[in-house]
Amino acid sequence: MNDPTGGATALEALGLGKRYRRGWALRDCSFRIPAGAVCGMVGPNGAGKSTLLALAADLLKPTEGAITVFGRPLDAPGQRARVAFVAQDKPLYPRFTVAETLRLGRELNPGWNQSAAQRVVDQGDLPADARIGTLSGGQRTRVALALALGKRPGLLILDEPMSDMDPLARHQLMGTLMSEAAANGTTLLMSSHILAELDGTIDHLLLVDSGRIRLAGEVDEILAAHRLVVGADPGDGGPGPTVGHTVVESRRTGRQLTVLLRPEGMIDSGWEVTEPTLEELLLGYLRSPQAPTLFTDSARAGHDAAVAA
Amino acid sequence: MIEYRIDRRSGVATYLQIVHQTKQALRLGLLQPGDKLPTAREVVEATAINPNTVLKAYRELDREGLVEPRPGLGTFVRRSLARAEAGADGPLRAELVAWVDRARLAGLEHEDVAALVASVLEQRFVTGVAATKRETEGKS
């Protein structure tokens, strides 16, 4: 189920790096996103998320390494039609009306699906003759999404899509995106700061931090590989719950010890052991830059080749 | 047709919420054999959850023999969980309504009644409860 298309790859990065004048924004990134995934990309500000998304959308050229989409390089013929990108600042022509913007999409995209685009616009009660420049941030996001979905892309990349929307619009648009994924098997890759927005929505995860990938793979599998262990702190001398396990984060609050770890075998009894929530897991990793990386099998670049060999 | 309510903060896995709500609808007769469940697309459009979660819930219901997927058509209810005795016009319900009314007259609050009922259920369904527990553990 995690690989609904039977092993096809939507996006693969190999040794990907991007250097700006001030230094490396992204370095040594290798990962894979299976086709049909709904992948959330999280990480702190300046982690390299937008750079990675812009590289995937072919708006930036990598300094080193390469990206392929559906198994082919980005400059192969027809690739533009397969990828849609909604940038963080939603660049649209402010003097165009909503209807004119959709017409632009129709004229520029051979496989244009007017009803898909119209549906997204109608859902927001946007008047067709309203100029883009007069719309609110959330309404502009809706038009940008309509353009992207009208393209019927195989891979839809969204950079902080919902950041300027109210809760209702956010829920509606997330519903629209999920329905698109369900109906057409569209692969979604979206970055977000709002962890709660992603929980229950994404099935794959990419944690980007300081220009590197720290976690990649199926959310269920990543969560299942971790435990949150809570108990009384045994002090400096006593054996903690962590012996023999890979510790991600360890925190003391008074006499209480809270440890996020990857168990390697049984955890000693006497500790309260639960599977972390997505939010607990991500916060634990973000607070612990030294924690080891984790890639599930399907998230490793070269996964297909490995299976074939 | 039924509409699912997803509570992301409940701590209950989302697919289990769908399973539970479907069973509840089957018990109450809101869903009957031959009825169609909403498509994954309809559910995710309304709830903004991941489509795979809906499919996982439907697979679980299929595994329990409650629904069946018909390729190209949708997922349909196979059997009901409703019991005539527990129906809206059944004598058991009427007795329970009378009892709850007496409890309220006696000054019991909603939580008091719920706690009392839960504790009696626990006591009288000892074996049944144990069986259910094993079942859920086996599934997780």
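Residues numbered from 1 in each chain as written. Chains lettered and ligands numbered in written order. Predicted model: local features only at pLDDT ≥ 70, side-chain atom pairs only at ≥ 80, totals over all residues. Heavy atoms only, no water.

(A) Representation of the interface of chain A and chain B. Residue-level contacts link 21 residues of chain A with 15 residues of chain B. Across the chain A/chain B interface, buried area totals approximately 1,400 Å², and carbon plus sulfur atoms make up 46% of it. Between Glu-45 of chain B and Arg-119 of chain A there is a salt bridge; the shortest N-O distance is 3.3 Å. Viewed at the interface, chain B and chain A are joined by nine residue pairs in polar contact (both at pLDDT 80 or more). For the side of chain A that touches chain B, the secondary structure elements donating two or more residues are helix H4 (114-123) and helix H6 (167-184) of chain A. Considering every element that reaches the side of chain A that touches chain B, the biggest residue donor is H6 of chain A, with 10 residues. Taken together, the residues of the side of chain A that touches chain B break down into nine nonpolar, seven polar and five charged. (Contact = heavy atoms within 4.5 Å. Buried area = accessible area lost by both parts, 1.4 Å probe. Salt bridge = Lys/Arg side-chain N within 4 Å of Asp/Glu carboxyl O. Polar contact = N/O pair within 3.5 Å; in protein donor to acceptor, adjacent residues only side chain to side chain. Helix = DSSP H or I, 4+ residues; strand = E, 2+ residues; numbered from the N terminus. Nonpolar A, V, L, I, M, F, W, Y, C, P; charged D, E, K, R; others polar.)

(B) Structural context of the sheet that holds strand E14 (residues 272-274) of chain A. All names here are of chain A. Here we have four strands laid out as an open sheet, ordered E12-E13-E11-E14, and antiparallel in their pairing. Only two strands of the sheet have a single neighbouring strand rather than two, namely strand E12 (246-253) and E14. The mean angle between the axes of side-by-side strands here comes to 15°, regardless of whether they run parallel or antiparallel. Of the strand pairs in this sheet, strand E11 (residues 227-232) and strand E13 (residues 256-262) are connected by six bridges, and their pairing is antiparallel. Looking at E13, one finds that Gly-231 is bridged to Leu-257. (Pairing = 2+ DSSP bridges. Axes fitted to C-alpha atoms, helices over the stretch in contact; angles between N-to-C directions.)

(C) Seen up close, the sheet that holds strand E1 (residues 9-20) of chain A. Residue and element names in this part refer to chain A. Taken in spatial order, the four strands of this open sheet run E2-E1-E4-E5, and their pairing is antiparallel. The strands lining the two open edges of the sheet, one partner per strand, are strand E2 (23-34) and strand E5 (72-73). Pairing between E1 and strand E4 (residues 64-69): five bridges, direction antiparallel. What sits directly across from Gly-17, in E4, is Glu-64. In the packing of helix H1 (residues 49-56) onto the sheet, contacts are made with E1, E2 and E4, and the angle to E1 comes to roughly 120°.

(D) Expanded view of the layout of surface pockets. All names here are of chain A. The calculated volume of the second largest pocket comes to roughly 740 Å³. In terms of lining, the second largest pocket is formed by 27 residues, of which the most central are Val-83, Ala-84, Phe-85, Leu-147 and Lys-151. Grouping the amino acids of the lining of the second largest pocket by side-chain chemistry returns 20 nonpolar, three polar and four charged. (1 Å grid on protein atoms, 1.4 Å probe; cavity = no way out; pocket = protein on both sides within 12 Å on 5 of 7 lines; lining within 4 Å. Points joined across faces, edges and corners; volume = space filled by probe spheres on them.)

(E) Quick peek at the pairing of E1 of chain A. All names here are of chain A. Note that E1 and E2 share eight bridges and pair antiparallel. Bridging from a neighbouring strand, Tyr-20 pairs with Gly-23 of E2. Where E1 hands over to E2, the hairpin turn is made up of two residues, counted between the paired strands.

(F) Structural detail: unusual backbone geometry. All names here are of chain A. Positive phi, normally seen in glycine, also occurs at Phe-70, with a value near 50°. Along the chain, the position of Phe-70 falls in the loop between E4 and E5. Its identity is not glycine, yet Asp-125 carries a phi of approximately 50°, on the positive side. Mapped onto the secondary structure, Asp-125 falls in the loop between H4 and helix H5 (137-150). Overall, Asp-125 belongs to the exposed group, its relative accessible area being 68%. (Buried < 20%, exposed > 50% of the residue type's maximum accessible area, 1.4 Å probe, protein only.)

(G) Expanded view of empty space enclosed by the protein. All names here are of chain A. For the structure shown, the criterion picks out one cavity of 30 Å³ or more. In this structure, the largest cavity occupies an estimated 40 Å³ of space. Arg-32, Ile-33, Pro-34, Cys-39, His-204, Leu-205, Leu-206, Ala-216, Gly-217 and Ala-299 together form the lining of the largest cavity. When residues of the lining of the largest cavity are traced back to their parent elements, those giving at least two are E2, strand E9 (204-209) and strand E10 (212-218). Of the residues in the lining of the largest cavity, the class split is seven nonpolar, two polar and one charged.

(H) Here's a closer look at the packing of aromatic side chains. Enumeration over the complete set of coordinates arrives at one aromatic pair over all chains. When the ring of Tyr-93 of chain A is compared with that of Phe-96 of chain A, the centres are 5.1 Å apart and the planes differ by 35°; the resulting orientation is tilted. When its relative accessible area of 28% is taken as the criterion, Phe-96 of chain A is described as partly exposed. The cationic tip of Lys-56 of chain B hangs over the ring face of Tyr-15 of chain B; the distance from NZ or CZ to the ring centre is 4.2 Å. The cationic tip of Arg-70 of chain B hangs over the ring face of Phe-76 of chain B; the distance from NZ or CZ to the ring centre is 4.1 Å. (Phe/Tyr/Trp six-rings, centres within 6.5 Å; stacked < 30°, edge-to-face > 60°. Lys NZ or Arg CZ within 6 Å of the ring centre and 35° of its normal.)

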